[in-house]
Each structure stands twice: as structure tokens, then as C-alpha cells.
Number of protein chains: 2
Amino acid sequence: MSTPARTTPHRIVATYDLHPTDTAADTLAAAIALEQSVEVPQSLVDAVGLPPGVVGEVEEVDVGAGAGGAARARLSYDPSVVEAGGVPALLNLVFGNVSMMPGVRLVDLSFPEHVLAGFDGPRHGVAGVRALVGVHGRPLLATALKPRGVSVDRLAEMAGAFARGGGDIVKDDQNLIDGFETFKDRVRRCADAVDDANQRTGRRCLYLPHVTGPLPALERRFEYVARLGLPGVLAAPFIAGFGINRSLARDHDLVLMAHPTFAGGHFISRREGIDHGLVFGTLLRIAGADISIFPNAGGRFELAREDCADIADRLGAPLGPMRPAWPCPAGGMSLAHLPRMCADYGHDAVLLIGGALIGHGEDLESSTRTFLDVIRAESNERLEPPQPQREPALDAEAPRVLKHRPEFEWTDRPSSAYKDARNLADALAFKGVRRVELVGRFGERSSTDLRYFEIEPGGYSSLEKHVHTHIVIGARGHGVLVLGGRRETLGPMDVACIGPLEAHQLRNESSEPFGFFCVVDHDRDRPSAP
Amino acid sequence: MSTPARTTPHRIVATYDLHPTDTAADTLAAAIALEQSVEVPQSLVDAVGLPPGVVGEVEEVDVGAGAGGAARARLSYDPSVVEAGGVPALLNLVFGNVSMMPGVRLVDLSFPEHVLAGFDGPRHGVAGVRALVGVHGRPLLATALKPRGVSVDRLAEMAGAFARGGGDIVKDDQNLIDGFETFKDRVRRCADAVDDANQRTGRRCLYLPHVTGPLPALERRFEYVARLGLPGVLAAPFIAGFGINRSLARDHDLVLMAHPTFAGGHFISRREGIDHGLVFGTLLRIAGADISIFPNAGGRFELAREDCADIADRLGAPLGPMRPAWPCPAGGMSLAHLPRMCADYGHDAVLLIGGALIGHGEDLESSTRTFLDVIRAESNERLEPPQPQREPALDAEAPRVLKHRPEFEWTDRPSSAYKDARNLADALAFKGVRRVELVGRFGERSSTDLRYFEIEPGGYSSLEKHVHTHIVIGARGHGVLVLGGRRETLGPMDVACIGPLEAHQLRNESSEPFGFFCVVDHDRDRPSAP
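Definitions and limits used
- Per chain, residue numbering runs from 1 following the sequence as it is written.
- Written order decides the labels, with chains lettered from A and ligands numbered from 1.
- Local features in a predicted model are, by the rule used here, given only for residues with pLDDT of at least 70; side-chain atom pairs are given and counted only at 80 or more, and totals for whole chains, interfaces and linings are based on all residues.
- Hydrogens and water are ignored here; the side-chain numbers use all heavy atoms of the structure.
- At least two DSSP bridges between two strands are required for those strands to pair.
- By the criteria applied, helices consist of DSSP H or I runs no shorter than four residues and strands consist of E runs no shorter than two, each listed in order from the N terminus.
- In what follows, residue pairs with any heavy atoms lying within 4.5 Å of each other are defined as contacts.
- Axes here mean lines fitted to C-alpha atoms, for a helix over just the part in contact, with angles spanning 0 to 180 degrees between N-to-C directions.
- Least squares is the method for superposing the copies, and the C-alpha atoms it fits come from residues with pLDDT of at least 70 in both.
- For classification purposes, angles smaller than 35 degrees are called roughly parallel, those larger than 145 roughly antiparallel, those between 65 and 115 roughly perpendicular, and all remaining angles oblique.
- A clockwise turn of the near helix away from the far one marks a right-handed crossing, whereas an anticlockwise turn of less than a right angle marks a left-handed crossing.
- As used in this record, nonpolar core signifies buried Ala, Val, Leu, Ile, Met, Phe, Trp, Tyr and Cys residues forming a set joined through side-chain atoms within 4.5 Å.
- Summary of the burial criterion: residues with accessible area below 20% of their type's maximum are buried, those above 50% are exposed, and those between are partly exposed, where the area comes from a 1.4 Å probe applied to protein chains only.
- Values labelled buried area give the accessible surface lost by two parts on being combined, using a 1.4 Å probe and summing over both.
- Each reported salt bridge corresponds to a side-chain nitrogen of Lys or Arg within 4 Å of a carboxyl oxygen of Asp or Glu.
- Polar contact is defined as a pair of N or O atoms within 3.5 Å, subject to the rule that within protein one atom must be able to donate a hydrogen and the other to accept it, and that residues adjacent in sequence are counted only when both atoms are side-chain atoms.
- Note on residue categories: nonpolar means Ala, Val, Leu, Ile, Met, Phe, Trp, Tyr, Cys or Pro, charged means Asp, Glu, Lys or Arg, and polar means any other residue, Gly included.
- Stacked, tilted and edge-to-face are the three classes applied to pairs of Phe, Tyr and Trp rings, where Trp contributes its six-membered ring and a pair requires centres within 6.5 Å; stacked means planes under 30 degrees apart, edge-to-face means over 60, and tilted covers the rest.
- Crossover handedness is defined by viewing with both strands directed away from the observer: a clockwise path from the first strand over the helix to the second marks the crossover as right-handed.

K.L.:
Quick question: what am I supposed to make of the sheet that holds strand β3 (residues 71–77) of chain B here?
P.N.:
Neighbouring strands of a sheet are bound in pairs by backbone hydrogen bonds; such pairs are parallel or else antiparallel. Residues and elements named next belong to chain B. Across the sheet, five strands lie side by side as β2-β3-β1-β4-β11; this open sheet has mixed pairing. Looking at strand neighbours, the two that pair on one side only are β2 (57–62) and β11 (273–274), the edges of this open sheet. Here strand β1 (residues 12–18) runs beside β3; their pairing, made up of seven bridges, is antiparallel. Bridged to L18 within β3 is A71. Its contacts with the sheet put helix α1 (residues 25–37) on β1, β2, β3 and β4 (104–110), and the angle it makes with β3 is roughly 30 degrees. The strands touched by helix α3 (residues 80–95) within the sheet are β1, β3, β4 and β11, with β1 carrying the most contacts at an inclination of about 15 degrees.

This is the structure in C-alpha cells:
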């Protein structure tokens with residue numbers, strides 16, 4: 001039985017192909033609607049009385065309209081959960097539990113505009129990466145540093161030769177995984193080799209190291225790559241998770257090239273899982289990939305040409321305010337595949353050729369030229385000056401020491417009033433407080449901020465608490481630290497540590513100014529009243 | 001053709017079931033060995049000359065020995081990549097690219113002892129969670145707070161009623177996803193309701209809130225849960241990634257209950273993906289889950305009883321030094337299923353019943369008693385005093401201010417020599433440096449450490465660089481900051497910020513002691529010579 005279509009402009013619409021076994025398609029669709037939104041039976045939904053729209057709704061079931069004779073079902077969901085939880089919440093909502101139901105495949109998604117605006121999407125995208133390399137009118141040529149096991153010298157040589165030959169992007173193989181100290185050495189040497197080549201050619205080949213590992217090692221690697229001035233990373237969202245790489249790439253303004261390792265389960269069965277185009281197109285783009293690597297038709301893996309075309313379409317199609325991302329067909333591609341790849345994907349594609357390029361001949365530099373010439377013959381190359389490598393975070397010419405001046409002022413750092421009193425509840429009232437932002441608001445890339453606060457006689461800070469911690473160092477005069485109802489005096493060079501969710505206040509009960517340094521996390525939660 | 005067995009005590013062995021289409025099983029096995037370790041053709045391996053062991057090796061191919069007539073192939077891999085990269089590197093190694101090959105299913109894994117010792121595994125495990133609740137000799141009863149859409153009052157009421165009825169674990173539904181301020185309010189109110197109930201019963205029901213979201217929101221939620229004194233969290237490793245939840249749970253000493261949302265793709269096809277037992281048993285246990293929720297046979301999802309038995313076996317079987325974890329069968333379970341669940345899983349299981357328990361009657365407290373009575377009838381309950389709720393991170397009675405004393409010493413904080421000179425290369429030489437660790441080494445749960453350093457006249461710190469940053473605050477006398485080859489003087493209350501990878505040194509060229517505070521990340525990389 002089919003359910004007729006409805007319209008739902010303000011909801012997330014997920015389309016599934018259903019291969020029900022012992023039930024009707026619309027019964028299965030109704031079960032999915034409950035499972036994905038509230039995970040209780042309809043009887044309980046009726047008994048508790050939920051607000052309208054919370055439960056998923058079956059918009060349409062069209063028996064036989066899906067792939068391979070499946071019923072095609074359109075369901076709509078309340079987007080508030082995705083507004084709150086981002087990409088991880090989206091995956092849970094549209095395919096969380098139902099991923100474990102036989103015969104259910106997610107084949108399409110559509111979003112209200114305001115939900116799309118809430119996703120970050122690619123930070124650089126097609127235009128951003130083109131600006132970095134200054135190459136227009138043709139696909140980009142990429143390769144991988146491999147095989148694991150060769151020396152770092154050899155890897156650096158390869159990276160340099162590819163760059164000298166005019167290659168656009170050289171990434172680490174995803175099997176290059178090592179301890180942090182080895183990683184630092186290897187990445188720096190490959191980066192230096194590419195830098196040298198770039199200075200020789202006047203062009204800009206991008207080197208993207210592979211970053212992986214559990215936290216906090218992963219964060220440290222992203223930071224190291226950014227500090228070297230490299231433009232981006234290769235990362236594995238299907239292993240590392242859909243939230244993490246994007247956050248770290250955004251924090252460090254890095255190009256994010258997504259590797260498909262461990263993705264197979266999500267699409268390989270054509271009865272279950274998620275449509276290829278959704279996985280490598282829509283979902284990776286929403287999750288912030290600038291470049292999405294996927295196994296090309298005709299290579300070592302078995303995607304069909306139409307699957308690949310769908311991926312490329314979804315990476316480039318209008319999707320709210322989100323930038324287009326690069327399709328990057330790969331996996332057993334060779335010189336002979338290049339003309340077809342150019343024809344299939346057009347100019348806005350990164351063509352990734354690993355083993356076949358490295359193994360093409362003794363001289364990787366001239367092999368790279370050979371491969372590029374084939375691409376050029378199929379396109380219309382136009383070169384512009386590449387974007388210069390990023391500046392170091394701190395201006396080398398700027399004074400690096402903030403000099404202390406009389407009355408606890410500092411060079412280049414103005415005093416300001418503490419908080420904006422108009423936005424504060426009475427519970428967070430304060431009095432007579434001056435603030436100097438010293439470190440953290442001036443591009444320092446420090447994970448910690450340093451402020452100086454000074455409270456005039458009779459004044460006090462807000463009585464408040466928060467998850468983040470404080471370290472307080474007394475600097476001028478004497479004050480009182482109220483902490484969990486206890487009072488302790490604080491004088492110059494005394495140190496206090498205020499723990500998470502401990503209610504605290506600093507008071508000046510003396511007749512002289514009371515000043516102190518306060519160390520806090522750069523990313524921190526808002527204070528609330530105790 | 002079959003390949004005979006070999007032995008490889010020092011390598012990771014992965015067993016695959018192969019359904020090759022147009023090739024022989026041992027050819028496919030050899031292709032997997034290359035794909036997963038070096039991802040280049042054998043010809044290139046031969047040309048470059050790799051160290052022994054780097055390339056994956058086919059240990060055995062037994063045609064027809066796999067499930068459904070598949071060939072069963074045992075391959076061995078160099079473990080060094082996993083030693084360096086942990087669980088994410090393991091997934092990439094044993095099933096990264098090959099996950100995208102049709103007809104290849106990962107069915108078993110074995111590890112050398114030293115590799116197992118490198119995984120953290122469950123932090124609490126079966127014994128740890130039993131100690132928290134003080135319940136022995138029977139399975140634990142768990143429920144979920146749902147449905148999404150009911151008021152926070154109602155959720156808190158449910159949590160309290162379940163705890164008063166004697167329930168052991170109440171977790172958020174994985175659909176409870178909201179903004180941080182709403183999350184804080186909801187979690188605190190549910191925690192308070194469970195606390196009140198626990199004080200009434202003298203027992204300890206555990207409340208595990210659902211944590212999700214991209215970084216850094218996810219970190220903040222883990223921290224909030226820990227600060228409330230809650231014992232653990234519900235998290236989604238198949239969405240958030242296999243590295244992240246374990247790191248955060250370990251940092252905060254939390255029980256990690258793993259939800260299977262979005263896991264389906266990994267196992268649902270029986271020709272591809274990963275064996276159910278490996279996914280929910282071995283992999284989640286290695287990745288640190290204390291409790292692994294999976295869809296039970298006979299519920300809303302279609303796992304077979306033998307799949308479920310295999311999961312439970314793998315969660316409990318000897319696995320190096322790793323603690324056993326709890327199987328948590330779930331998904332459409334009801335009162336009628338309980339005797340069978342008790343028989344199937346024995347005492348060391350968490351039986352999760354959501355909708356059927358919540359919808360059982362008007363009074364959740366007495367429904368919980370009814371369900372528990374069924375479990376008790378099938379087992380041999382023995383109660384011990386539960387572990388008291390965790391202490392706040394800081395002792396409320398301890399002095400909270402470190403008092404500055406003459407000569408820049410502090411109460412409760414001894415001075416020590418700077419670094420251990422014996423482990424330092426000449427390049428990192430230093431002279432005449434005293435250090436006082438002020439904050440970060442004493443259980444403060446601060447993400448930042450504070451140290452005081454003092455350099456005697458003529459002394460200097462190491463000339464070094466690192467990824468982490470420094471904030472330096474002058475405190476005593478005058479010194480020189482050497483930063484990237486420039487020199488700046490630093491006196492009391494002057495502030496300097498040393499960026500990532502900037503070579504720096506602090507020198508005392510005066511005739512008085514030079515002292516300064518130094519703020520650094522608690523988790524930081526080792527310095528190296530410039």
C-alpha cells in the first residue's frame with residue numbers, strides 16, 4: 001500500500017529504499033519514523049502526549065519506486081535535534097538505529113535552509129583550494145607518498161620530485177602512521193622538500209600529511225601541521241568520527257582531504273547502508289571535507305560510473321550556503337584512465353594517482369610531467385600566482401613582550417570595563433572592576449587566555465560558577481577569594497586554583513586597589529549564578 | 001587453491017571470509033595483504049626493497065572453510081603501525097580500504113601480547129561497575145530516559161522512580177540531544193532525582209547522560225558530567241569515532257556505555273563488513289567501552305542468538321591485560337524476554353529495557369520492582385554497600401590558596417631542580433634553574449599548568465621549541481627572553497607569549513635572581529632543540 005505525498009518545508013526529509021520481508025512497506029516506514037525519533041511504541045507516544053512534530057512522519061511511500069524493486073519512503077523529522085548536535089546528531093537521526101534493520105537503505109536527504117546554514121561545510125572548498133594553488137581550467141593532479149616502509153629521505157625525495165614536476169597536491173599514504181616525534185621529523189622533511197621545489201618552480205604544490213590517532217594526540221598533530229605553515233591534512237572521518245576532523249581543521253584553517261578508509265560498510269551492500277552519493281557527497285561535504293576521496297569506477301574497487309557521477313554531483317550541487325567540495329576519484333587509477341577521468345568529472349576534480357604514478361618510471365619528476373600533459377591536453381589550463389604560504393601566527397616584527405607600566409597598565413593592551421553590565425542578570429552583579437586582556441585575543445594561537453583584573457576598594461566580581469577552571473595569581477594589594485562559602489585572603493604572588501563548578505567571587509575589602517592575573521581556557525563555557 | 005598455515009607470534013593476525021567473484025581466493029588474499037599494508041602493487045614493492053615484515057603476509061587460505069562456503073584467509077600484519085596509532089590505526093590496518101571490496105568480511109583478530117598491553121581497554125569493566133553499584137550475583141537492570149519530547153520534569157521523575165524501584169543503571173535515550181545550557185539543566189535535574197532516590201534506598205543507581213556533538217562541545221559535556229560527580233556517560237563510538245570517547249572517559253574516570261547507533265553498516269551484510277562479535281565485542285572492548293549495547297536476538301533487529309553469544313564471549317574472554325566488559329543486550333526487549341536473557345547471558349550482563357518498562361504501567365517505581373523480581377528469580381543476588389559517589393576533585397577542607405613566602409617559595413609546593421639533566425641532550429643544556437610546580441600536578445583537573453621558574457645570575461633555560469605555547473609573566477628581577485634570535489628584557493609583571501615551534505630561551509644576565517611564572521598546557525609535547 002502506498003501513502004500519498006505531503007509537503008514539509010521546515011523538516012529534514014530522509015528517503016529510504018525499503019525491502020520489507022514479512023510486513024508491508026508502509027508499516028515498516030511507520031516503524032522507522034518512531035524508531036529514529038522517539039524509540040518507543042505508538043501506544044506510549046499516545047499515552048504521554050508529545051508536542052506536535054517530535055515524532056517522525058511518513059510523508060510518502062511509493063511501492064516499487066526504489067532501486068531493485070524496493071519501496072521508496074520519504075520520512076520527515078524535527079530538525080531541532082540537528083540544530084543542537086550538528087553532524088553527529090544528523091547521523092543518529094536519519095540512520096542511527098535503522099542502520100541495523102535489514103532491507104533499509106538511506107538514499108536521499110533534504111534540509112530546510114536554516115539547518116543547512118547551521119552546518120559549517122567545507123572551509124576552503126573548490127574556490128579556496130584553487131586560490132591556494134593558482135591553477136584554473138583543469139583538474140588537479142594529486143599523488144600519495146608511499147609505500148610505508150621506505151625511508152623518510154625517500155619520501156621527501158618523492159614529495160620534492162612530484163612538486164618539481166608540477167603536481168598540485170601530494171598527500172601522505174593513509175598507512176603512514178607513526179609516533180609523534182617520528183611524525184614531526186617526517187612531516188617537516190617532506191614539507192621542506194616541497195617548499196624547496198615550490199621556490200624553484202614559482203608554483204605551489206600542497207603537501208597534506210596524514211593525521212590520525214586518539215585524542216589528545218590527534219589535536220597535537222593538527223596543531224603541528226598548522227604551525228609548520230602547511231595548508232591542510234589528510235584525515236579519516238569514517239574512523240576518527242564525523243565531528244572531530246572538521247573541528248580541528250577549522251580551528252587551524254586547514255584544507256581537509258577526507259580518506260575513505262573504513263567507509264565500505266556504509267555503502268557496500270546495495271540493500272542496506274547509505275547510498276554512495278550521500279556518503280561521499282552530501283555527508284562528507286556537510287562534515288566539512290574540502291576534498292572527498294572515493295574509489296573510482298574501473299579501479300580496484302567496485303563503484304559504478306553512475307555512483308561516482310552522483311558523488312561528484314552532490315559535492316558540487318547547490319546546498320544552502322555551503323561551498324562546493326572537490327570530488328577526488330582514486331583507487332587503482334593510472335595514466336590510461338586520465339582522459340576518461342577528465343571527461344567524467346570535468347575541471348573541478350582532484351585526480352589522485354598513487355602507485356601507478358610512483359611506479360611509472362625511475363624519475364618521478366618527469367613522470368609527473370607526463371601525467372600532467374595528458375590532463376592538460378583534455379583541459380584548458382590557466383595559471384595565476386598561487387597564494388603565498390601562510391604567515392606565522394605572530395608577526396615576527398611585533399614586540400613580543402607586553403611591558404608593564406605604572407598603575408598596572410600594559411603596552412598595546414587597553415583596559416576595559418568588566419563584562420557588559422546590561423546583559424547580566426542581577427545574580428551576576430559586580431562592582432568596580434577593570435579588565436586588561438593580555439593574551440588570547442590577539443591571534444596568539446594559545447589554548448589559554450591571560451587577563452589582569454583590578455577591583456577598586458569596596459568592589460567585587462560576580463559570584464559565579466562554570467565548568468572551566470581559573471588559576472589566579474595575586475599581583476597588587478590584597479583581596480578576598482570567596483570559594484564555596486569559604487574566604488581566603490589573596491596577596492601579591494599568592495596562587496589560587498578554582499575548580500570546575502565551584503562558586504567563586506573576588507572582593508576588595510581593603511582601601512587600596514586589588515589586582516590579580518587570571519588564567520582561563522580560550523574556549524570556555526558561560527558563567528552562571530551558583 | 002589453499003595456502004598452508006604458518007605461525008606468526010609477533011604479528012597482528014586478521015581472518016577474513018572471502019567470496020571472490022572472478023579470481024581465486026589466494027589471489028584475492030594476496031591483494032588484500034598489499035592493499036592494507038602498503039597499497040602499491042607487488043612490482044613496486046620489489047622495486048623499492050622494503051624492510052622485512054612491512055608488507056602484509058598471507059598465512060593460510062582455506063577454501064570452503066568460511067561461513068556460507070567462503071574461503072577463510074588468515075593474514076598477518078606488522079603491529080608497529082598500531083603501536084603508534086592505537087585503535088584508529090588498527091581499524092585502518094585490518095579493514096580500512098578492504099571494507100570497500102565486495103565479498104570480503106573480517107571475522108577474527110588476534111594480537112601479540114605487547115600490542116594488547118598498549119590498548120587501554122575498559123577503565124572500569126565488569127568488576128569496576130559492580131563495585132560502583134554493590135550488586136553481585138545477578139544481571140543488572142538498565143533503562144533509558146525517553147521519549148524525546150517529554151518535559152525535563154517528567155524525565156527527572158522517571159529517573160528517580162527507576163532508582164527508587166531498585167534499578168541499577170538509567171541512561172539517557174540517544175535521541176536526547178540539546179544545546180549545552182539545556183543539557184546542563186536536564187542532566188543536573190535527572191542527577192539530583194537519582195541522588196535523592198539513592199539517599200532514600202541506601203543503594204546506588206547510576207545515571208549515565210548521553211554525550212554527543214562535535215569538538216569542543218563534546219569535551220565540555222564530558223567535563224560537566226564528571227564535575228557533577230556522575231559515574232559515566234552514554235556515547236556513540238560509531239558516530240563520534242573510535243578514539244575520542246575513550247580518551248575523554250579516561251581523562252574524567254567515567255564509565256563508558258557504548259550505544260550501537262550508526263553501527264549497522266559494519267555488520268549487516270553477511271558477505272561484507274565485520275563479524276558481529278568483533279564489532280560489538282572485541283573492537284568496542286579494545287576501544288574502551290565498559291558496557292557494550294547491542295541489538296538482542298528476538299527484538300526489533302535481526303541478530304541471531306549465536307551472534308549475540310559470540311559478542312558476550314568476546315567481551316568477557318581473556319584478552320591480554322584487558323578488563324572484561326559488560327554485554328548489554330537491548331532493542332525491543334520486554335518483561336517476557338527477561339528469563340531467556342538471564343539464561344543466555346548469565347550474571348555478568350546489563351539487561352536494557354526501555355519502552356517496555358516505561359510503558360508497563362502508570363507507576364515506574366513498582367514496574368521496576370516487577371522487572372527486578374523476575375531477574376532475581378533467575379539469579380542469586382548478593383548486595384554489598386555501593387561505592388560512594390566520587391569526591392569532588394579538590395578536597396573542600398584543603399587550603400585553596402598557595403601563599404607566597406619569602407624568596408619566592410610557596411606553601412605546600414617544594415622547589416625542585418629543572419628537568420632531569422641526565423636525560424637531556426647537550427643541545428638542551430641549561431644552568432642554574434629552580435622550578436616550583438604550582439598548579440597541574442595536584443589533582444586540580446585544570447587543562448593548564450602553572451610553574452614558577454627562577455634562574456640564578458649567569459644561568460639560562462634550555463634553548464628549545466615545541467608545539468605547545470607558553471605564557472610568561474615576570475615576577476622577580478630582570479632577565480632576557482631570546483625568541484627566534486631576538487632579545488627582549490623581561491621584568492616584574494611584564495608578559496610574553498611564546499608561540500608554537502618558536503625557539504626560545506630565558507637568560508639571567510643580571511646579578512640578582514630572575515624569576516617568572518610560566519603557563520603551559522597540561523597535555524603537551526616534549527621540547528626539542530631548534
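K.L.:
What is the right way to look at the relation of the copies chain A and chain B in this model?
P.N.:
There are two copies of the chain, and a rotation about an axis plus a shift along that axis relates them. Least-squares fitting of chain A to chain B yields an RMSD of 0.2 Å, with the transformation described by 0.0 Å of translation along the axis and a rotation of 180 degrees. Seen this way, the second copy is the image of the first under a two-fold rotation axis. Proximity to the rotation axis, assessed at the C-alpha, singles out G241(A) in chain A; its C-alpha lies 1.9 Å from the axis.

K.L.:
Please clarify how the packing of helix α13 (residues 338–345) of chain B against helix α15 (residues 364–377) of chain B should be interpreted in this entry.
P.N.:
Each pair of packed helices gets described by two things: the angle between the helix axes and the distance between those axes. All names here are of chain B. Between α13 and α15, the least distance of the axes is 9 Å, while the angle of their chain directions is 40 degrees. In this view, α13 runs oblique relative to α15, as classed from their interaxial angle. Here the hand of the crossing between α13 and α15 comes out right-handed. For the pair α13 and α15, contact is made by L338, P339 and C342 and by F371, V374 and I375, respectively.

K.L.:
What's the story with the nonpolar core in this structure? I'm lost.
P.N.:
Note that soluble globular proteins tend to have their nonpolar side chains buried in a common cluster. Of all hydrophobic cores here, the largest spans 250 residues; its most connected members are Y16(A), V94(A), Y16(B) and V94(B). By size, the runner-up hydrophobic cluster in this structure holds 32 residues, among which are W410(A), V436(A), L450(A) and F517(A).

K.L.:
Please clarify how the interface of chain A and chain B should be interpreted in this entry.
P.N.:
Accessible area lost upon the coming together of the parts is a frequently used measure of interface size. Residue-level contacts link 134 residues of chain A with 135 residues of chain B. In total, chain A and chain B occlude about 11300 Å² of area from one another, counting both sides; carbon and sulfur atoms represent 61% of this. Broken down residue by residue, the surface that chain A buries against chain B is led by M100(A), F262(A) and M493(A), which jointly contribute 7%. In this assembly, chain A and chain B are joined by 11 salt bridges. The salt bridge partner of E181(B) is R526(A), with a shortest N-O separation of 4.0 Å. At the junction of chain A with chain B, the criterion picks out 32 residue pairs in polar contact (both at pLDDT 80 or more). Per-element tally for the side of chain A that touches chain B: the top contributor is helix α3 (residues 80–95) of chain A, with nine residues. Counted by class, the side of chain A that touches chain B contains 68 nonpolar, 32 polar and 34 charged residues.

K.L.:
In this structure, what is going on with the packing of aromatic side chains? I would like to understand it.
P.N.:
Where two aromatic rings form a pair, the distance of their centres and the angle of their planes describe that pair. All names here are of chain A. Throughout the structure, instances matching the rule amount to 32 aromatic pairs over all chains. Here F180 and F183 contribute two aromatic rings whose centre-to-centre distance is 6.2 Å and whose plane-to-plane angle is 20 degrees, an arrangement assigned as stacked. Note that F180 and F183 are positioned in helix α7 (residues 180–201) at a spacing of three residues, about one turn of the helix. Given a relative accessible area of 13%, F180 falls into the buried group. Judged by relative accessible area, F183 falls into the buried class, the value being 0%. Three or more aromatic residues joined by ring pairs make a cluster, and in this case those are F238, F267, F280, F294 and Y345.

K.L.:
I keep staring at the side chain of D178(A) and nothing clicks. Help me out?
P.N.:
Looking at the element boundaries, D178(A) is found in the loop between β7 (169–172) and α7. In this structure the side chain of D178(A) is engaged in a polar contact, spanning 2.8 Å, whose partner is the side chain of R186(A). Dropping the residues within four chain positions of it, D178(A) is found in contact with F183(A), R186(A), R221(A) and A84(B).

K.L.:
Sorry, what's going on with the pairing of β7(A) here?
P.N.:
Each regular strand displays side chains that alternate between the two surfaces of the sheet. All names here are of chain A. Taking every second residue as pointing to the same face, both faces of β7 are buried, with I169 and K171 on one and V170 and D172 on the other. Pairing geometry for strand β6 (residues 140–145) and β7, over four bridges, is parallel. Bridge pairing links L145 to D172 in β7. For the crossover that starts at β6, traverses helix α6 (residues 152–164) and ends in the parallel β7, the hand is right-handed. Across three bridges, the pairing between β7 and strand β8 (residues 206–208) is parallel. Paired with V170 across the strands is Y207, a residue of β8. For the handedness criterion, the β-α-β arrangement of β7, α7 and β8 is classed as right-handed.

K.L.:
How do you make sense of the pattern of salt bridges when you look at a structure like this?
P.N.:
Here the idea is simple: oppositely charged side chains can pair when their charged atoms come close. All names here are of chain A. Inspection of every chain in the model, using the stated rule, returns 77 salt bridges over all chains. Close ionic contact of D185 with R189 constitutes a salt bridge, the shortest N to O distance being 3.1 Å. One end of the pair is D185 and the other is R189, both in helix α7 and four residues apart, which spans about a single turn. Given a relative accessible area of 32%, R189 falls into the partly exposed group. Within this structure, R138, D168, D373, R376 and E381 form a network of salt bridges that share partners.

K.L.:
I tried to follow the sheet that holds strand β9 (residues 232–235) of chain A on my own but got confused; where do I start?
P.N.:
All names here are of chain A. Sheet architecture is open: four strands sit in the order β9-β10-β12-β13, paired in parallel fashion. Strand pairing shows two members of the sheet lacking a second neighbour, β9 and β13 (326–330), which therefore form its edges. Going across the sheet, the axis of each strand differs from the next one's by a mean of 20 degrees, ignoring polarity. Relative to strand β10 (residues 255–258), β9 runs parallel, the two being bridged by four bridges. When the sheet's bridge partners are listed, L234 is paired in β10 with M257. Here helix α11 (residues 276–286) sits on the sheet in contact with β10 and β12 (291–295), set at roughly 160 degrees to β12. Packed on one face of the sheet, helix α12 (residues 305–316) meets β12 and β13 and runs near 175 degrees to β12.

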